[in-house]
Amino acid sequence: MNDLKITRPFDMLNSALNKQVLIMLKGNVTVRGKLKAFDVHLNIVLEDAEELENGKVKTKYIEVFLRGDTVILVTV
Amino acid sequence: MNDLKITRPFDMLNSALNKQVLIMLKGNVTVRGKLKAFDVHLNIVLEDAEELENGKVKTKYIEVFLRGDTVILVTV
Amino acid sequence: MNDLKITRPFDMLNSALNKQVLIMLKGNVTVRGKLKAFDVHLNIVLEDAEELENGKVKTKYIEVFLRGDTVILVTV
Amino acid sequence: MNDLKITRPFDMLNSALNKQVLIMLKGNVTVRGKLKAFDVHLNIVLEDAEELENGKVKTKYIEVFLRGDTVILVTV
Amino acid sequence: MNDLKITRPFDMLNSALNKQVLIMLKGNVTVRGKLKAFDVHLNIVLEDAEELENGKVKTKYIEVFLRGDTVILVTV
Amino acid sequence: MNDLKITRPFDMLNSALNKQVLIMLKGNVTVRGKLKAFDVHLNIVLEDAEELENGKVKTKYIEVFLRGDTVILVTV
Amino acid sequence: MNDLKITRPFDMLNSALNKQVLIMLKGNVTVRGKLKAFDVHLNIVLEDAEELENGKVKTKYIEVFLRGDTVILVTV
């Protein structure tokens, strides 16, 4: 039964709202933060976010809007 | 008769639900995992996934959302 | 008369169903296999397919889904 | 309750109107200025803006229109 | 009067049906062959086609489908 | 009150009609000239325009049409 | 009054029909010729055209179809 739980990709993002996610963007940018909002274009808002470079924190963002078409993957 | 089984490309992905798939993304990223969800834009959710580099596991993901327009190919 | 046989580009792919095709993808990837399915976005499913590198077989796929927007050309 | 405040990504930009924002564009361009206008394509107008290079001001703009599809991220 | 003959770009391709055309694709690929079919997306089928490299024949195709969005120019 | 003057990004371009603007295009091209026309795709016509390279005039155009999807930013 | 003559970008191309234009394409290709046809996607047909490289004629085309999404700018 568990296998049938998620049937549409965006259901995963719904479950991740207000949780920590890690996002890889095109151009080798990785951002980690609390998922506050997203839409069907994969535009995403993170809160208390950090941009990472080689695993180290490069920049901190109180709030950041990521344009959907630059997203490669989102993971919890 | 067997030859006529699949007539639309997404039928292959339907058959692969809850099975292991391997996905090549643009930018030389390969991800392997259990196919949990996809949509017509080829947005994909994998469970128990691994990002591979030169055939070796680089990162593990409990759950990962892959944006459709970064996908090159999906194989079972 | 023969010259008028094909009038829409996708007619060629219809004729190629269940036959061997060779596909060039962006990023210098070539895949060869039996054409099982395609749609108007040029999403394609091949069966018994091989990825080629410099004319040599690099990987074999029982079944592979190719995303349409990575396709450059399809030949019989 | 606070966690539910933002539910759509563009709500963050609405809250940022007439405030300082920092915008990363494709091609390694960063622009900072007062957010005067945006639309659903993420076309953006900034006032009293500065283009930054390695953290230093390279050019000043009284008013600048940024085309949405070049935007990577917007932060407050 | 002759100047007014063609008024829409695709009229030129209509006139070129069943004639030799030369096509430049993105990624420095040039293909020459008999134009058998095209659509508004500039998807094109050529017959008796040749892929050229530095003006020399690299590969021959009995029939080839070129995806429209890789086309740069078509000439007679 | 002044802060509320512009509410949609294209209002800025409307105000700039028949005035000097500077436009950055993808591929490191900068063009300066009098804004004569634009549309929602950001297709733009400039009059008495100059293409700049490292701040120096490289080419002069009596009239030039810039395709919207190559535009990065427009400034007054 | 003269300033109000052109109000939509494509009006400039209408005025340029059957006249010499110079077109910059992505990938550093420049083509010069007589403008015979265009559409809203900026697909363009030139007659008696020349492809230029560093200002010198590289190839001549009796007729050439340029795909709109490769166009950067058109000038008279």
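Each remark here, short or long, concerns the structure printed above.
Residues numbered from 1 in each chain as written. Chains lettered and ligands numbered in written order. Predicted model: local features only at pLDDT ≥ 70, side-chain atom pairs only at ≥ 80, totals over all residues. Heavy atoms only, no water.

## Considerations on the overall build of chain A
Spelled out, the test is: Labels follow the DSSP assignment, with helices taken as runs of H or I lasting at least four residues and strands as runs of E lasting at least two, numbered in each case from the N terminus. Just to be clear, the radius of gyration here is over C-alpha atoms, and the globule rule we use is 2.2 Å times residues to the power 0.38. To sort residues, take the accessible area from a 1.4 Å probe on protein chains only and compare it with the maximum for the residue type: under 20% means buried, over 50% means exposed, and anything in between is partly exposed. Any two residues whose heavy atoms approach within 4.5 Å are treated as being in contact.
The helix and strand tally for chain A stands at one helix and five strands. In terms of C-alpha radius of gyration, chain A reaches 13 Å, essentially the compact-globule figure of 11 Å for 76 residues. Per-residue burial over chain A gives 57% buried out of 76 residues. Across chain A, the fraction of contacts at a sequence separation of at least 24, relative to all contacts at a separation of at least 6, is 34%.

## Looking at the interface of chain B and chain A
For clarity, the threshold we go by: Throughout, buried area stands for the accessible area (probe radius 1.4 Å) lost by two parts on being put together, summed over both. Note on definitions: salt bridges are taken to be side-chain nitrogens of Lys or Arg within 4 Å of carboxyl oxygens of Asp or Glu. Two N or O atoms count as a polar contact when they lie within 3.5 Å, although within protein this holds only if one can serve as hydrogen donor and the other as acceptor, and sequence-adjacent residues are included solely when both atoms are side-chain atoms. The classification used treats Ala, Val, Leu, Ile, Met, Phe, Trp, Tyr, Cys and Pro as nonpolar, Asp, Glu, Lys and Arg as charged, and all other residues, Gly among them, as polar. Should DSSP find at least two bridges between two strands, the strands are taken to pair.
Residue-level contacts link 19 residues of chain B with 22 residues of chain A. Summed over both partners, the interface of chain B with chain A buries about 1,700 Å², with 61% contributed by carbon and sulfur atoms. A per-residue breakdown of the area chain B buries against chain A is headed by Glu63, Phe65 and Arg67 of chain B, which together make up 40% of the total. Across the chain B-chain A interface, the total number found is one salt bridge. For the salt bridge of Lys26 of chain A with Asp69 of chain B, the shortest nitrogen-to-oxygen distance reads 3.7 Å. Remark: the boundary between chain B and chain A carries five residue pairs in polar contact (both at pLDDT 80 or more). Those elements that place two or more of their residues in the side of chain B that touches chain A are strand S2 (29–38), strand S3 (44–53) and strand S4 (56–66) of chain B. Broken down by element, the residue count for the side of chain B that touches chain A peaks at five residues, all from S4 of chain B. Of the residues in the side of chain B that touches chain A, the class split is nine nonpolar, three polar and seven charged. Relative to S4 of chain B, strand S5 (residues 71–75) of chain A runs antiparallel, the two sharing three bridges.

## Thoughts on the side chain of Lys36 of chain E
Mapped onto the elements of the fold, Lys36 of chain E is located in strand S2 (residues 29–38). For Lys36 of chain E, a relative accessible area of 3% corresponds to the buried category.

## Focus: the arrangement of the chains
Chain A makes no contact with chain F; the smallest distance between any of their C-alpha atoms is 15 Å. Note that chain C does not reach chain F: the shortest distance linking a C-alpha of one to a C-alpha of the other is 18 Å.

## Observations concerning the relation of the copies chain B and chain A
Short version of the rule: Fitting of the copies onto one another was done by least squares over C-alpha atoms, counting residues only where both copies have pLDDT of at least 70.
In the superposition of chain B on chain A (RMSD 0.0 Å, axial shift 0.0 Å), the rotation amounts to 51 degrees. Taken as a fraction of all interface residues of chain B, those also at the interface in chain A reach only 5%, which identifies the copy contact as different-surface.

## With respect to the packing of aromatic side chains
Using the following cut-off: Note on aromatic contacts: the rings of Phe and Tyr and the six-membered ring of Trp form a pair at centre separations within 6.5 Å, being stacked when their planes are under 30 degrees apart, edge-to-face when over 60 apart, and tilted otherwise.
Inspection of every chain in the model, using the stated rule, returns 14 aromatic pairs over all chains. An angle of 15 degrees between the planes, with centres 6.1 Å apart, marks the rings of Phe10 of chain C and Phe38 of chain C as stacked. On the criterion of sequence distance, the pair formed by Phe10 of chain C in helix H1 (residues 9–16) and Phe38 of chain C in strand S2 (residues 29–38) is long-range, its members being 28 residues apart. Linked through ring pairs, Phe10 and Phe38 of chain A together with Phe65 of chain B together constitute an aromatic cluster.

## Describing the layout of surface pockets
The gaps of empty space that remain are located by a probe, the size of a water molecule, rolled over the atoms. For clarity, the cut-off: We place a 1 Å grid over just the protein atoms. Points where a 1.4 Å probe fits but has no way out form a cavity, open points with protein on both sides within 12 Å along at least 5 of 7 lines form a pocket, and any residue with an atom within 4 Å of a point lines it. Grid points are joined across faces, edges and corners, and a volume is the space filled by probe spheres set on the points.
Size it by volume and the second largest pocket reaches roughly 1,100 Å³. What lines the second largest pocket is a set of 41 residues, and nearest its centre among them are Gly27, Asn28, Val29, Thr30 and Leu52 of chain G.

## A look at the pairing of strand S5 (residues 71–75) of chain E
Residues and elements named next belong to chain E. Counted residue by residue, S5 has five buried out of five residues, so it is predominantly covered. Examined bridge by bridge, strand S1 (residues 20–25) and S5 share four bridges and lie antiparallel to one another. Residue pairing across strands places Met24 opposite Leu73, the latter belonging to S5.

## Regarding the pattern of salt bridges
Using the criterion set out here, one finds 49 salt bridges over all chains in the structure. Glu51 of chain G serves as the salt-bridge partner of Lys58 of chain G, at 3.5 Å between the closest nitrogen and oxygen.

## Quick word on helix H1 (residues 9–16) of chain F
An α-helix turns once every 3.6 residues. As a result, residues three or four positions apart point the same way. With six of eight residues buried, H1 of chain F lies mostly within the body of the structure. In the core, the buried residues of H1 of chain F are packed alongside strand S2 (29–38), strand S3 (44–53) and strand S4 (56–66) of chain D together with strand S1 (20–25), strand S2 (29–38) and strand S5 (71–75) of chain F. Following H1 of chain F by one or two positions, Asn18 of chain F has its phi on the positive side, about 70 degrees.

## Describing the interface of chain C and chain E
Of the residues lining the interface, 22 residues belong to chain C; the matching set on chain E comes to 19 residues. Roughly 1,700 Å² is buried in total at the junction of chain C and chain E, and carbon and sulfur atoms are behind 60% of that figure. Between chain C and chain E we count one salt bridge in total. Our enumeration of links across chain C and chain E arrives at five residue pairs in polar contact (both at pLDDT 80 or more). Only H1 and strand S5 (71–75) of chain C provide two or more residues apiece to the side of chain C that touches chain E. When residues of the side of chain C that touches chain E are assigned to their parent elements, the largest contribution, five residues, is made by S5 of chain C. Broken down by class, the residue content of the side of chain C that touches chain E amounts to 13 nonpolar, five polar and four charged.

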